Amino acid sequence: MKKLLVLFALFLLLAPAAHAAEPDDGTLPPISVGQPTIDRLLHLTDSLYAIGFTFADKGYSRIADWYIGQSVAAISSLRSAATDLYHAKQEEAREARIAEGNEHVKNEIGFDLNAILSIAEAVSSFADMLADEVKDQPLGFDIKHSQKVWWPARQSISLVSPYVPLLRGLVLDYQGDTDGAAECYTTALLNPYLDPELVDFTFLADMEPGELLALCRTLSGRENEYRTFFTGDGYFFDLPAKLPWSDEYHRAMAISWLDGETPEYYKAFGYLEAALHANPFNIVNYENLARLCVVTANYHDLATYVMEGLAIDPDNEFFLGMDRIYAKYQNK
C-alpha cells in the first residue's frame, strides 16, 4: 500500500489540474457486464488506463505503459480465461453427446462403437486443434507451444499484474491441473498489487457457454481501447521469476548471473530489463541497464536508457556522463 501511495503521489505531481471529464482526457465511457466482480475489475482497469493516459500525453511512455499495461493484462487474461472455459465446456458437451449416442447404439444393436470411434475422435480432435491454432497465426509460428506462449506473453504485458496468474490458475484448476493452479494462485496472492476484493473469479466456471462468449466480445472491445496508447506489445520476458512484480528480485537475479568466472550477460540484461518494466519509477533501474550496455558495447540500447533516464531526471550526473560517452561513440 505504501508503494501505491508513493506512485499515486508522483502521478499527482505530473497530472494537470482537475477538470471535468472530456473525450480526450483518457476517461472512457463506463461499461457494465452485470457481474459485480467483473464490473469492479473494469472500474479498476479504467482508472489505471486514465492515469497512464496522462503520462502518455506528457511523453512518459514507459511509465504510461506501467499503468496501461495492467489494464491490458488484466482484461486480456479475463477474456482469455473466459475463452478457455468456453472451449472446455463446448468439448464437454460434445463428449457428452458422443457418449449418449454410443450408449444408444450399444443398447439398440448390442455393439460398442467406442473402439471404432476412438481413432476417428483422435484424428478429428487434432484437426480441430490445428485449425484453431493456425487461424490468425503468422507463418512459421510454433503451433505446439502456443499455449505455453500466450499466458507468459500476457504476463509480459505487465509484470506487476496479479490477474494474469490468478486467472490462469482458474483455468488450470478447471482443467484438473491442481499443482499448476496452486502455483499460479500463490503467485497472485503474494502480489502486493492484488485487490483483496478482486480475488474470487470462480463464478466464471459456472457460466454458460453463451454467457462466456458474450463476455469475451465485450471485454475484447475494452481491451482494444486500452491498447490504443500502449507501446509495450513487443516485450516478452521468458526467464524464471518467482516474484515478477519486484524490481529488487529481478536485480538480485541479474547479479547472480553476473557473478562467477563466466558472466551470463544476456540473462543478466533480461532480468535488468524486467526490473525496469516492474518499476520504471526507480532511476536505478535505468542506470543498471546503461552500465551493462557500456560493458557489452551495446550503444544502441544505451541511447534509449540514457534518453529515458534524462527525461525523468534531467540533472542526473550519471546519465549526463553516459550521454557524453554516447556522443563520443557517435562521432567516431
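For clarity, every value in this text was computed on a predicted model and none was experimentally measured. (Residues numbered from 1 in each chain as written. Predicted model: local features only at pLDDT ≥ 70, side-chain atom pairs only at ≥ 80, totals over all residues. Heavy atoms only, no water.)

With respect to the packing of helix α9 (residues 247-258) against helix α10 (residues 265-278)
Relative orientation of the contacting elements α9 and α10 amounts to 170°, with a least axis distance of 8 Å. In terms of orientation, α9 lies roughly antiparallel with respect to α10. When α9 is examined against α10, the residues Asp247, His250, Arg251, Met253, Ala254, Trp257 and Leu258 are found in contact with a partner set consisting of Tyr265, Lys267, Ala268, Tyr271, Leu272, Ala274, Ala275 and Ala278. (Axes fitted to C-alpha atoms, helices over the stretch in contact; angles between N-to-C directions. Helix = DSSP H or I, 4+ residues; strand = E, 2+ residues; numbered from the N terminus. Parallel < 35°, antiparallel > 145°, perpendicular 65-115°, else oblique. Contact = heavy atoms within 4.5 Å.)

So, the layout of surface pockets
If you add up the space inside the second largest pocket, you get close to 680 Å³. Taken together, 23 residues line the second largest pocket, and the ones lying closest to its centre are Gln155, Glu183, Cys184, Thr187 and Ala241. Elements that contribute at least two residues to the lining of the second largest pocket include exactly α5 (146-157), α6 (163-174) and α7 (178-190). Looking at the lining of the second largest pocket element by element, the count peaks at 6 residues for α7. In the lining of the second largest pocket, the residues fall into 14 nonpolar, 4 polar and 5 charged. (1 Å grid on protein atoms, 1.4 Å probe; cavity = no way out; pocket = protein on both sides within 12 Å on 5 of 7 lines; lining within 4 Å. Points joined across faces, edges and corners; volume = space filled by probe spheres on them. Nonpolar A, V, L, I, M, F, W, Y, C, P; charged D, E, K, R; others polar.)

Some words on the nonpolar core
Soluble globular proteins: nonpolar side chains tend toward being buried together. In terms of nonpolar packing, the biggest core is built from 37 residues, with Leu41, Leu78, Tyr163, Leu167, Phe201 and Leu204 touching the most fellow members. Here the element with the most residues in this core is helix α3 (residues 61-109); it accounts for 10 residues. Setting aside residues no more than four positions away along its own chain, tyrosine 163 makes contact with Leu41, Leu44, Ala74, Ser77, Leu194, Asp195, Leu198 and Phe201. Counting 24 residues, the second largest nonpolar core, distinct from the first, contains Leu159, Leu272, Cys293 and Phe319. (Core = buried A, V, L, I, M, F, W, Y, C linked by side-chain atoms within 4.5 Å. Buried < 20%, exposed > 50% of the residue type's maximum accessible area, 1.4 Å probe, protein only.)

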